[in-house]
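# Architecture at a glance
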Amino acid sequence: MLTEERKAIILKEVNTRGSISLDELTQIVGVSDSTIRRDIIELSREGRLLKVRGGAMRLDLSEKQDDTSILGREASHKAQKLKIAEYAASLILPGEYVFIDAGSTTGFMIGYIKEHRAIYVTNSVSHAADLVKNHFKVFLIGGEMRENTDVIVGADAILHMQKYNFNRGFFGTNGIDEKLGFTTNDVREALIKRVAMESTTSGKKFVLADKCKFGLRSAVTFSDFNGVTVLTDAFPGDRYQMVADIKVV
């Protein structure tokens, strides 16, 4: 099969489904995964689709999944998020270095945190301010502030983050997919999340996500399921139980 024929099939599948995995395309086209991967890279460079970890996504789908404001995210599924946040806060132990990621559900944690003998690190300006108001010891990661989200990103933030070894970490996500893992919309935020995940003890990494996040795919994968526990409000289905450690609270 000629290269342009393969590309045409890939584009048709991506545009029809919205997103598709590398494994699925390999089976459909009938060539090796390395060939499909190369075609996806070329199509991404041509501006015809979006390459994501483990597959490809339709461009307009990525745009529709753009970030909403902080207030908008807080209002969505608030009851479920509060339940998850309360349980997450109860896990913190004395003397731990704890990373709290930016996000609405992680932000709700702060009202439930009781452990004053732990040290808290965050890349969210609003989270840091709320922690200080509640008389916790907190370190704010330094770097560039992202517009609309109050999140600290950039090279300086990554260098700062790499100095830490976290005993426990709590993370937000825009989507959870059984093949792509945990995804978010902004590559700068994804890099911060990835470094923080790598700096956190395996088995003590917690992603806070209501059931609606399962099955959603955003542009950038920041972690696979290895060493991560998902705290959620309802069981998302058998296909996730096979790949992820899920705790329904």
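Given the structure is predicted, the values throughout are model-derived calculations rather than measurements. (Residues numbered from 1 in each chain as written. Predicted model: local features only at pLDDT ≥ 70, side-chain atom pairs only at ≥ 80, totals over all residues. Heavy atoms only, no water.)

### Observations regarding the environment of D245
- Structurally, D245 can be placed in strand β15 (residues 245–248).
- Looking at D245, the relative accessible area reads 45%, which means it is partly exposed.
- Separated by 64 residues in sequence, D245 and G181 have C-alpha atoms that sit 12 Å apart.
- Dropping the residues within four chain positions of it, D245 is found in contact with V228, T229 and V230.
- Here the side chain of D245 touches T229 through a polar contact of 2.9 Å, side chain to side chain. (Helix = DSSP H or I, 4+ residues; strand = E, 2+ residues; numbered from the N terminus. Buried < 20%, exposed > 50% of the residue type's maximum accessible area, 1.4 Å probe, protein only. Contact = heavy atoms within 4.5 Å. Polar contact = N/O pair within 3.5 Å; in protein donor to acceptor, adjacent residues only side chain to side chain.)

### Let's talk about the side chain of K213
- When you line up the elements, K213 lands in the loop between β12 (205–208) and β13 (220–223).
- Buried charge without a salt bridge: K213, with D210 as the nearest opposite-charge side chain at an N-O distance of 4.7 Å.
- Polar side-chain contacts of K213 include one of 2.8 Å to the backbone oxygen of T173.
- In this structure, K213 is in contact with T173, N174, G175 and I176, ignoring residues within four places of it in sequence. (Lys, Arg positive; Asp, Glu negative; His and termini not counted. Salt bridge = Lys/Arg side-chain N within 4 Å of Asp/Glu carboxyl O.)

### Some thoughts on the pattern of salt bridges
- For the structure on display, the rule yields 12 salt bridges.
- Here R168 ties to E96 by a salt bridge, and the two come within 2.9 Å at their closest N and O atoms. Of this pair, R168 sits in strand β9 (residues 168–171) while E96 sits in the loop between α6 (78–90) and β4 (97–100), and the two are 72 residues apart along the sequence. Pair check on accessibility: R168 and E96 agree, each one buried.
- The partner of D186 in a salt bridge is R188, and the shortest N-O contact between them spans 3.2 Å.
- Residue class for D186 comes out buried when judged on its relative accessible area of 10%.

### Some details on the pairing of strand β11 (residues 181–184)
- For strand β10 (residues 175–177) and β11, the ladder comprises 3 bridges, and the chain directions are antiparallel. In the strand pairing of β11, D177 is matched with G181.
- Joining the antiparallel neighbours β10 and β11 is a turn of 3 residues.
- Pairing analysis gives 3 bridges linking β11 to β13, with the strands arranged antiparallel. Bridged to T183 within β13 is T221. (Pairing = 2+ DSSP bridges.)

### Things to note about the nonpolar core
- F99, I141, M161, I176, F182 and V207 are the most contacted members of the largest nonpolar core, which has 32 residues in total.
- For this core, the secondary-structure elements that each account for two or more residues are β8 (151–153), α9 (155–161), α10 (187–198), β13 and β14 (228–232).
- Counting residues per element, this core draws most heavily on α10, at 5 residues.
- Sequence-distant contacts of F182, that is, excluding residues within four places in its chain, are made with T173, G175, I176, V207, V220, T221, F222, S223, D224, F225, V228 and V230.
- Membership of the second largest hydrophobic core comes to 23 residues, among which are A89, A118, L131 and F170. (Core = buried A, V, L, I, M, F, W, Y, C linked by side-chain atoms within 4.5 Å.)

### Structural notes on helix α2 (residues 22–29)
- Listed as buried for α2 are L22, L25, T26 and V29. Across the axial projection of α2, the buried residues extend over an arc of 105°, all falling on one side.
- The inward-facing, buried residues of α2 contact α1 (3–17), β1 (19–21), α3 (33–45) and β3 (55–57).
- Note on α2: the residue one or two positions beyond its end, G30, has a positive phi of about 80°. (Arc of directions from axis to C-beta.)

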